[in-house]
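These are the residues of each chain, in order.
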Amino acid sequence: MRTTTVGELRILLPELDPDDLDPISDPTDDLSDATIEDALWRGGTLDGVTVRGSRLVGVDVSESGWEGGSLFGCEITRADFSGATVSGVGIERCAVTGSRFTGTRLTDVRLKDVLFEGCRFDYAFLTRVTAAGAVAFVDCLLTDATWSYCRLPNIVLRSCQLARLELDSCHLHGADLRGNGLHDLKTGLGNLHGVTLDEDQLPDLTHLAVQDLHLTVRKR
């Protein structure tokens with residue numbers, strides 16, 4: 001069983017043998033045990049597509065629509081999902097590396113045992129995204145993104161850029177946010193209820209509290 005640990009979170013990862021995978025270039029309703037490299041699916045419709053036990057490398061699905069279906073046991077590297085609309089898709093036991101989600105809209109997406117590493121989520125919109133198991137973002141760009149009504153308990157964010165990330169009515173209880181700058185978050189304190197921070201982040205938390213409570217701070 002292949003796993004990785006981020007902070008105190010243990011994530012199950014896909015176990016793929018390249019020799020057991022068949023090369024595929026065109027999307028079908030069921031993509032299993034496949035290697036998909038540099039496929040151009042930009043602006044396409046992937047409704048109901050299920051991808052299992054596959055490697056996706058350099059795949060371009062930008063500006064596409066994907067409703068329903070799932071990703072299970074996949075390695076996704078340098079994929080481009082920018083501007084795509086992803087709704088009702090389950091993502092489980094996947095490692096996503098160096099991929100772009102700039103301006104992507106993810107709605108009602110369910111995550112379980114998912115590692116995002118070195119990915120861009122700037123200007124992305126996450127709405128009602130749920131973590132049903134271990135989920136981690138490592139070295140990811142989350143600037144100017146919006147998370148609304150997301151339930152992401154116990155997730156881990158490490159060394160991520162969070163400037164102007166907006167949190168709206170999110171549940172992050174148990175999330176580990178250590179190792180990230182919080183100063184420029186756009187959030188009320190309620191969205192941070194029950195998260196784990198380190199001492200170096202307390203000045204950022206104070207700044208957020210002053211903003212959220214509309215405090216007036218004066219020098220003597």
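As a reminder, the structure under discussion sits directly above these lines.
Keep in mind it's a predicted model, so treat the numbers as computed, not measured.

Draft legend 1. Highlighting helix α1 (residues 202-212). All of the buried residues along α1 are Asp 204, Leu 208 and Ala 209. The buried residues of α1 all sit within an arc of 140° when viewed along its axis, so they share a single face. Just beyond α1, the residue with positive phi is His 214, at close to 55°.

Draft legend 2. Spotlight on the nonpolar core. With 57 residues, the main nonpolar core has Phe 116, Phe 137, Leu 142 and Trp 147 as its most contacted residues. Only β5 (34-37), β12 (90-97), β14 (110-117) and β17 (135-138) provide two or more residues apiece to this core. Excluding residues within four positions of it along the chain, Leu 142 makes contact with Phe 121, Phe 137, Trp 147, Leu 157, Cys 160, Gln 161, Leu 162 and Leu 165. Among the nonpolar cores identified, the runner-up in size contains 10 residues, and Val 6, Ala 95, Ala 134 and Val 138 belong to it.

Draft legend 3. Quick look at unusual backbone geometry. Even without a glycine there, the phi angle at Asp 38 is positive, about 55°. Tracing the sequence through the fold places Asp 38 in the loop between β5 and β6 (50-52).

Draft legend 4. Examining the pairing of β12 more closely. Pairing between strand β9 (residues 70-72) and β12: three bridges, direction parallel. Its bridge partner being in β12, Leu 71 is matched across the sheet by Ile 91. Two elements, strand β10 (residues 75-77) and β12, share three bridges in a ladder whose sense is parallel. What sits directly across from Glu 75, in β12, is Ala 95. Two elements, β12 and β14, share seven bridges in a ladder whose sense is parallel. Following the sheet pairing, Ile 91 is matched in β14 by Leu 111.

Draft legend 5. Quick look at the pairing of β14. Bridge count for β14 against strand β16 (residues 130-131) is two bridges, and the pairing is parallel. In the sheet register, Leu 111 faces β16, and the bridge partner there is Ala 131. Of the pairings in the sheet, the one linking β14 to β17 comprises four bridges and is parallel in character. Of the residues in β17, the one forming a bridge with Phe 116 is Phe 137.

Draft legend 6. Spotlight on the pattern of salt bridges. According to the stated counting rule, one finds eight salt bridges in the structure shown. Residues Asp 108 and Arg 128 are paired through a salt bridge, measuring 2.8 Å at the closest nitrogen-oxygen approach. Highlighted residues: Asp 108 in the loop between β13 (105-107) and β14 and Arg 128 in the loop between β15 (125-127) and β16, separated in sequence by 20 residues. Between Arg 164 and Asp 144 there is a salt bridge; the shortest N-O distance is 2.7 Å. Here Arg 164, found in the loop between β19 (156-158) and β20 (166-168), pairs with Asp 144, found in the loop between β17 and β18 (146-148); they are 20 residues apart in sequence, far enough to count as distant. Because the salt bridges share partners, they merge into one network encompassing Arg 2, Arg 55 and Glu 75.

Conventions and cut-offs
- Residue indices begin from 1 for each chain and proceed along its sequence in written order.
- Whole-chain, interface and lining totals are the exception, using all residues; otherwise, since this is a predicted model, local features are given only for residues with pLDDT of at least 70 and side-chain atom pairs are given and counted only at 80 or more.
- Hydrogens and water are ignored here; the side-chain numbers use all heavy atoms of the structure.
- Note on exposure labels: buried denotes an accessible area under 20% of the residue type's maximum, exposed denotes more than 50%, and partly exposed covers the range between, all computed with a 1.4 Å probe on protein chains only.
- A run of H or I in DSSP counts as a helix once it spans at least four residues, and a run of E counts as a strand once it spans at least two, with each numbered from the N terminus.
- Relevant arc is that of directions from the helix axis to the C-beta atoms, nothing else.
- Working definition of a nonpolar core: buried Ala, Val, Leu, Ile, Met, Phe, Trp, Tyr and Cys residues. They are joined through side-chain atoms within 4.5 Å.
- Note on definitions: a residue-residue contact is assigned when non-hydrogen atoms from the two residues lie within 4.5 Å.
- Any two strands with at least two DSSP bridges between them are considered paired.
- When a carboxyl oxygen of Asp or Glu is within 4 Å of a side-chain nitrogen of Lys or Arg, the pair counts as a salt bridge.

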